Amino acid sequence: MIVDEEGYESVPEAERWGVLPQFVGETLAELEEELGMPAGALESTVGTYNRYAEEGQDSYFHKDARWLRPLQGPFAAIDPRLGFNPGESGNTGAGTGVAGFTLGGLRTTVDGAVLDVSGTAVPGLFAAGRAASGIHGEGYISGTSLGDGTFFGRRAGVAAARG
């Protein structure tokens, strides 16, 4: 997850659960180098995001305008894979106490066909559950994604089987 200083500092310390950025850079080029990314990749992505944020729109993910603002250095990267919760089923060892999941992300038809940025179905690609639907309000209640996965998963499976 790429975040700028304003975004990180806006989260109350108690709600950060001890999470600290693993990589930092004054510029996106520095952060790219820290992350081992190809030169210009992050600069291009954040540049596009910032351009749309300045216009108050998110053409890729359709984020509400109230959550949009251009990102400004310094920048940091936080690895969400470090966010498992120790003590949960199957988890061992230390963790940050932070868990992350997609809350949607892929744009799909009601039958689960994944749409590209132009709104055209990607042939043979289907998604269901939290990867495609079911954005919920504040807080997460365990089990609420079962309905999303069951209902939309069945629809996606039937559509995929039709070919």
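Residues numbered from 1 in each chain as written. Predicted model: local features only at pLDDT ≥ 70, side-chain atom pairs only at ≥ 80, totals over all residues. Heavy atoms only, no water.

Along the backbone of the chain there are four helices and five strands. Starting at the N terminus and ending at the C terminus, the chain contains elements arranged as β-α-β-α-α-β-β-β-α. The 163 residues of the chain split such that 23% are buried. With an accessible surface of roughly 10,800 Å², the chain has 57% of that area assigned to carbon and sulfur atoms. (Helix = DSSP H or I, 4+ residues; strand = E, 2+ residues; numbered from the N terminus. Buried < 20%, exposed > 50% of the residue type's maximum accessible area, 1.4 Å probe, protein only. Areas by Shrake-Rupley, 256 points an atom, 1.4 Å probe, with all protein chains shown as cover.)

Right, let's get into the packing of helix α2 (residues 28-35) against helix α3 (residues 41-54). Closest axis-to-axis distance for the α2/α3 pair is 8 Å, and the angle between their directions is 130°. The orientation of α2 relative to α3 falls into the category oblique. As α2 packs across α3, the resulting crossing turns out to be right-handed. Residues Leu28, Ala29, Leu31, Glu32 and Leu35 of α2 pack against Ala41, Leu42, Glu43 and Val46 of α3. Within the contact of α2 with α3, the residues separate by chemical class into seven nonpolar, no polar and two charged. (Axes fitted to C-alpha atoms, helices over the stretch in contact; angles between N-to-C directions. Parallel < 35°, antiparallel > 145°, perpendicular 65-115°, else oblique. Left-handed = near helix turned anticlockwise from the far one by under 90°. Contact = heavy atoms within 4.5 Å. Nonpolar A, V, L, I, M, F, W, Y, C, P; charged D, E, K, R; others polar.)

Quick look at a nonpolar patch on the surface now. Together, Tyr60, Phe61 and Val117 line one region of the surface with nonpolar side chains, adding up to about 380 Å² of accessible area. Structurally, the position occupied by phenylalanine 61 is in the loop between α3 and β3 (75-77). (Patch = residues over 30% accessible without salt bridge, like charges linked within 9 Å, V, L, I, M, F, W, Y side chains within 5 Å. Salt bridge = Lys/Arg side-chain N within 4 Å of Asp/Glu carboxyl O.)

As a further point, take a negative patch on the surface. A cluster of acidic side chains, namely Glu5, Glu26, Glu30, Glu33 and Glu34, defines a negative patch on the protein surface. Looking at the negative patch element by element, the count peaks at three residues for α2. Inspection of the secondary structure puts glutamate 30 in helix α2. Given the relative accessible area of 39%, glutamate 30 is considered partly exposed. (Lys, Arg positive; Asp, Glu negative; His and termini not counted. Charge placed at Lys NZ, Arg CZ, Asp CG, Glu CD.)

This next bit is on the side chain of asparagine 50. Here asparagine 50 shows up in helix α3. The contact partners of asparagine 50, leaving out residues within four places of it in the chain, are Arg69, Pro70 and Leu71.

With that out of the way, let us pick up the side chain of aspartate 4. Mapped onto the fold, aspartate 4 is located in strand β1 (residues 2-4). At 3.0 Å, the side chain of aspartate 4 forms a polar contact with the backbone nitrogen of glutamine 72. For aspartate 4, the residues in contact, after removing those within four places along its chain, are Arg69, Pro70, Leu71, Gln72, Pro74 and Phe75. (Polar contact = N/O pair within 3.5 Å; in protein donor to acceptor, adjacent residues only side chain to side chain.)

What follows deals with unusual backbone geometry. Residue glycine 73 is joined to proline 74 through a cis peptide bond whose omega torsion reads 0°. Mapped onto the secondary structure, proline 74 falls in the loop between α3 and β3.

What follows concerns the environment of leucine 35. Within the secondary structure layout, leucine 35 lies in helix α2. For leucine 35, a relative accessible area of 29% translates into the label partly exposed. C-alpha separation for the pair leucine 35 and glutamine 22, spaced 13 residues apart in sequence, amounts to 9.4 Å. In contact with leucine 35, other than residues within four places in its own chain, are Ile2, Phe23, Leu42 and Ala77.

Its place among the elements puts leucine 20 in the loop between α1 (5-10) and β2 (23-25). For the pair leucine 20 and tyrosine 8, spaced twelve residues apart in the sequence, the C-alpha separation amounts to 9.3 Å.

Time to look at the pattern of salt bridges. Scanning the model with the defined rule gives four salt bridges in all. As a salt-bridge pair, arginine 69 and glutamate 6 come within 3.6 Å of each other at their nearest N and O atoms. In this pair, arginine 69 sits in the loop between α3 and β3 while glutamate 6 sits in helix α1, placing the two residues 63 residues apart along the sequence. Each member of the salt-bridge network shares a partner with another, and the members are Asp4, Glu6 and Arg69.

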